[in-house]
Structures are given as structure tokens and as C-alpha cells.
Amino acid sequence: MARLTDGFFRLTAPIGIAVFALVLLVGLWGSLIAEVAHDRAAQMRSGEIQAANLARTFEEHVRRASANIDQVLLHLRDEISTEGRGVARQGELLRRSLPPDMVIQLAVIDSGGRLRYSDLGTAESLDFTDREYFRVQRDSTSDRLFISKPVLGRVSKRWSIQFTRRLTRSDGVFEGVLLFSAEPAYFVNLYDSLDIGENGAVELVGADQVVRASGARKPDVAQAAGTHSSENYFAAERPDSEVFVTPCPVDNGSRITAYRRLTDLGLAVVVHLCNNEVLTAANQRAGLLFFGGGVVSVLLLGCFAVIIWLLVRRQRDGVSLTAQTLRLQRSNCELEAFAYAISHDLREPLRTVNSFLGLLVRRAGTKLNDEEREFINFARDGALRMDHLINGLLDYSRIGRSERPFESVPLANVAEITLANLHATIDATQAVVSVMPNLPTVMGDGDELIRLFQNLIGNALKYHSPDRAPVISIAWRQQGAEWIISLMDNGIGIPADQYERIFGIFQRLHGRGEFEGTGIGLALCRKIVEHHHGRIWVTSSEGQGSTFFVALPVIKGLSTG
Ligand code: ADP
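Residues numbered from 1 in each chain as written. Predicted model: local features only at pLDDT ≥ 70, side-chain atom pairs only at ≥ 80, totals over all residues. Heavy atoms only, no water.

A. Representation of the overall build of the chain in the model. The helix and strand tally for the chain stands at 11 helices and 17 strands. For the chain, the C-alpha radius of gyration of 59 Å lies well beyond 24 Å, the compact-globule estimate for 561 residues. Here the chain holds 561 residues, and 40% of them are scored as buried. Considering only intrachain contacts with a sequence separation of at least 6, the fraction spanning at least 24 residues in the chain is 61%. Surface summary for the chain: the accessible area is close to 30400 Å², and the carbon and sulfur share equals 57%. Taking the average place of the 60 positive charges on the side chains of the chain and the average place of its 64 negative ones, the gap between the two points comes to 2 Å. (Helix = DSSP H or I, 4+ residues; strand = E, 2+ residues; numbered from the N terminus. Rg over C-alpha atoms; globule rule 2.2 N^0.38 Å. Buried < 20%, exposed > 50% of the residue type's maximum accessible area, 1.4 Å probe, protein only. Contact = heavy atoms within 4.5 Å. Areas by Shrake-Rupley, 256 points an atom, 1.4 Å probe, with all protein chains shown as cover. Lys, Arg positive; Asp, Glu negative; His and termini not counted. Charge placed at Lys NZ, Arg CZ, Asp CG, Glu CD.)

B. How the structure looks around the pairing of strand β2 (residues 115-118). Note: strand β1 (residues 103-110) against β2, three bridges, orientation antiparallel. Bridging from a neighbouring strand, A107 pairs with S118 of β2. Linking β1 back to β2 in an antiparallel pair, the connection comprises four residues, with G113 at a positive phi of about 85°. (Pairing = 2+ DSSP bridges.)

C. How the structure looks around unusual backbone geometry. For Q209, which is not a glycine, the phi torsion comes out positive at approximately 70°. Structurally, Q209 is set in the loop between β6 (201-206) and β7 (211-216). At Q430, a residue that is not glycine, the phi angle is positive and equals roughly 55°. Positionally, Q430 belongs in the loop between α9 (423-429) and β12 (432-435).

D. A look at the side chain of T429. Tracing the backbone shows T429 in helix α9. There is a polar contact of 3.3 Å between the side chain of T429 and the backbone oxygen of I426. Setting aside chain neighbours within four positions, we find T429 in contact with L461, H464, A469 and P470. (Polar contact = N/O pair within 3.5 Å; in protein donor to acceptor, adjacent residues only side chain to side chain.)

E. Focus on the sheet that holds strand β14 (residues 471-479). Judged by pairing direction, the sheet is mixed, and its five strands sit side by side in the order β12-β14-β15-β17-β16 without closing on themselves. Of all strands in the sheet, those bounded by a partner on one side alone are β12 and β16 (535-541). Strand-to-strand twist of the sheet, defined as the mean angle between neighbouring strand axes without regard to direction, takes the value 15°. Relative to β14, β12 is paired through four bridges, and the arrangement is parallel. The residue bridging V435 from the neighbouring strand is I474, located in β14. Of the strands in this sheet, β16 and β17 (545-553) touch helix α11 (residues 521-531), which is tilted by about 140° from β16. (Axes fitted to C-alpha atoms, helices over the stretch in contact; angles between N-to-C directions.)

By themselves these figures say nothing about function.
The following block contains the structure:
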């Protein structure tokens, strides 16, 4: 089950992280794009408001200029009719009151369409009956200002917009036309002072869709004066003023167009703002945001790639480590099984050697001299030692092979049984053994734990100092998740550089002449402790004694003994 979960985790963790990274990036870019879209929309809205405001300013300008011109016309007409003074003098006076870049010509055309007066001082009696303003004023029943399309002046030889008023006799008969030729540029020159950008334009368009005047920093942005506007600002379904988006003729993009009708003058003022310019700030911010987003994305991707790489590598190492551990475990098992079989089988021929040596001694009886008898005893002794060694080896290979399940084992009982087993040696050595009360209860194999205690207490008795009787104390304490059992003696001690070696199999610090033994005891202890998921180690002070420590896991629910 755990392996299944491991495999699942191994497979899903990198995918999970990759998906998380993807979601993070999608989220990041989603919010960036939303932010940019929001910013652009806000900028467009303020562009539309700006275009509408500019159109209002433009309208004011056109209205004021037209009103001025009309005032001149009315005043002049008044003067002509009431005082009968000369047009020339009045015209001269009025012209001076107007901006010089506005006026091209003041003229009077009689009812026959002939030029009667021009302040440009021409003597020619030109015919103006074909001019639209002449026909409009002649046929008109009302007295109104008429603003014509731009025409090439016959006297001035310049493109101009004609502002006209009808001259009517007191009995209502048409008497002629009073004409004011205005400079078209004057009406749109305000674009210079308006914030319409490089690609923006202003246009003054008539109700007849003919452009009266236009102004722009780039010549092809605005429709030229005299041409037909592509938009009909006076279409019946259209409101008096409006802001909308149309294609931009210069940059293949679009532009904001705001117009306002001056219905009484038959004109519409139009302002165009190029979207790209309106959005310049928003585009710069978007560029910065996208750049930042790009940097963050690269960093994020880098981090996640490193995390995934580390994870995959760790898992791959984990997999090979697990496989290696499994291989080692298998080969250990095989070795143990082999050792068990060998040691088991070795005992048989050894027994045969031993019993035949015994038989030989009995049969030969007194025929053997002392030296021969000693040789045979050496051989029997060797066989006996070999038997002990094989026995130890058998014991060693048996540890952990039992099928018995772990059970709760009170260590107090273990200590008690061990001391009973070692009763004779304790008596013989006059040892004093003390056991701290309430030794803990652990999960384990009772027999193995008795062997553990027996080996440790047995060694403490065996390696006692010749100068004093052994004093052995068994104590315990809890340290985190472990019980620490200590076994302290006052024996001969162990050199510090041998602390680790003595737990190896067949490792002894003394010859047989000093102490009997096989060098298996402590190796067995370590194997038992490890079988119980614990640890074993020693500290010592040479000549004064040693303390062996055994750490065993604390199992919740098992109280101390
Ligand atoms: P054996 O006792 O059969 O020699 P062990 O594996 O039990 O083998 O011990 C290994 C060696 O550790 C011993 O030969 C001895 O030198 C040393 N030793 C073990 N226990 C003690 C002890 N309590 N005091 C001093 N030396 C010890």
C-alpha cells in the first residue's frame, strides 16, 4: 500500500507542480491581460471625452468667427441702407476690426450678379450669377447668413469660404449680395493649439458633406477643403453630436471621431484623434507590464523547472536506493540462510570427530602416553571450541528469522529471568546487581530480549576487574520517542577506539588465555536490538567500568513496567 502511494506520489508530484506552475502563469498572464485591457479601455474613454471637449472648443471658435463675420456683414448692410455712405469707407473700417488672417475680401454684388465693389480694388465688372451663394440669396425669401463651399476667388484668386447676406430694398425686392470672403484656414488653425497629436485632425464640414476647411499636422490625415467627406454628419438618423471610432487613414489603425453640428450655420465641426496616440501611455504601461510579466514568468518557470528536476532526481535516487536496499536485504537473507545451513551441517562431522576421539581415548586406555593423551585432548578441545563457535553462529543467524510476531514484553520480567539464569555466576563472583524499578514495556520478541540482557549482564560479570567484586546497575529513562536502557558495570573497561569494533562478529579484545569467549555476544546483541528497531552503543572509562546503552522505540499505549 505504502509502495503504491509512493509510486502515485512519484508520478503525481512533478505533474502537480507543473500544473501548479501552469495555473500560476495562466493566472499571472490572465490578470496582466485584464489589467492592460482595463487600462486601454479607460484610456479610450478619456480619449473620447477629450475628443468631445475639443469638438466643443472647435464649435465655440467657429461660432465666434462666424458671428463676427455676420456682424460685419449686418453692420455694413445697415450702414449702406440707412446712411447711404460709401461701402468702401465702412468696409475699410470694419476690415480693420477683424483678424488680418481671417479676411480675404469684402464685396458687393448687384442684383444682376455683377461685382459692384471689392475692397481688393478691382475695376473689372465680373459676373457672379453662377455662384451658389448668389442663387441662394437671390431665391431666398428669408434674410439669413449663407456660408458657401470653398471656392477659388475670381478677384482674390485664393480659396475662400463665402459668407453672404442678401441686400433687399425696403419693398422687398432683391438688390444684390453682400459678400465676405474668409480664409478657410482661419477656422481650423486652432488645431495648432489643440492637443490632437501628430495624427489628429480637425475638419469643418458643410451640411452638403463638402469639407469647408481642415487642419492637421500631417497633410493626408484630414480631408482636403472642397472634397466630399466620407461621413454624412447631417444624416437624419444621427444625433447633433456624437463620438465614435472609425478607421484611421494613416496607420491602418482606428481613430476617435467627435463631431458637433452647428445646424443654424449648416456646418459641423469634426475632431479626429488617432487611437494609437490616445493609447500611447496605456501602451507604454502595457509594454512595461508585459516585460515585467515576462521576467517573472521566466523566473517562475526556472524555479519550477529546478524544483521538478530536484524532485525527479531525488525520486530517481530514491528508486535506485530502494532497489539497492532490496538487493542487499535479499543477499543478507541468502547469506544468513547459507550461514545457518553451513553451521547446522558443520556440527554433524564435528560431533563425529569428537565422539571418535572419545572412543579412541577409551579404547587405547593406558596404551597412550601422556604426550599422546595431551594431543588428543587438544584436538577434543579444538573441536569443542569449534562447536561453540558454530553454535554462536547458528544463534546469530537465527535472530530475526523467527516467525513469532512481536508482543508487549515488560523489560522488568526480562531482567528478572536473566538474573535467575545467571544466578550461579552472580553468586560465584559475589556480584551486586541492581535494577531500577518500573523498567518499561516494549514491543518485541521475549526470547531475543532475554538473550540481549543475558549477553550484556554476562559480559559485565565476565569482564569484571580482578580487584573488586562486580557491581552492575540497570537503569532506564525516556528520551523523546525512545526508551534508553543503560547497563553500567565497574569492570575492566574498553578502550575508546574499540567502541565500535566490539560489536562486530568474532571481534574480541582479549585472548582465550585471559577470558573465554567467541566474540559473537555483542554482534548478537546488535542484531537483536536492530531487529527491534533500536540502537546499541557503549561508553567506558578504561579500568573503571563500562556502560552499554540500548535505545528501543516507545510504543504509545504501553506503560512502563
Ligand atoms: P566475547 O565476550 O565472547 O569475547 P563479545 O562480543 O561479547 O565476545 O565481546 C566482545 C569484546 O568486547 C570482548 O572480547 C571484550 O573484550 C569486550 N567487552 C564486552 N563487554 C565488556 C564489558 N562489560 N567490559 C569490558 N569489556 C567488554
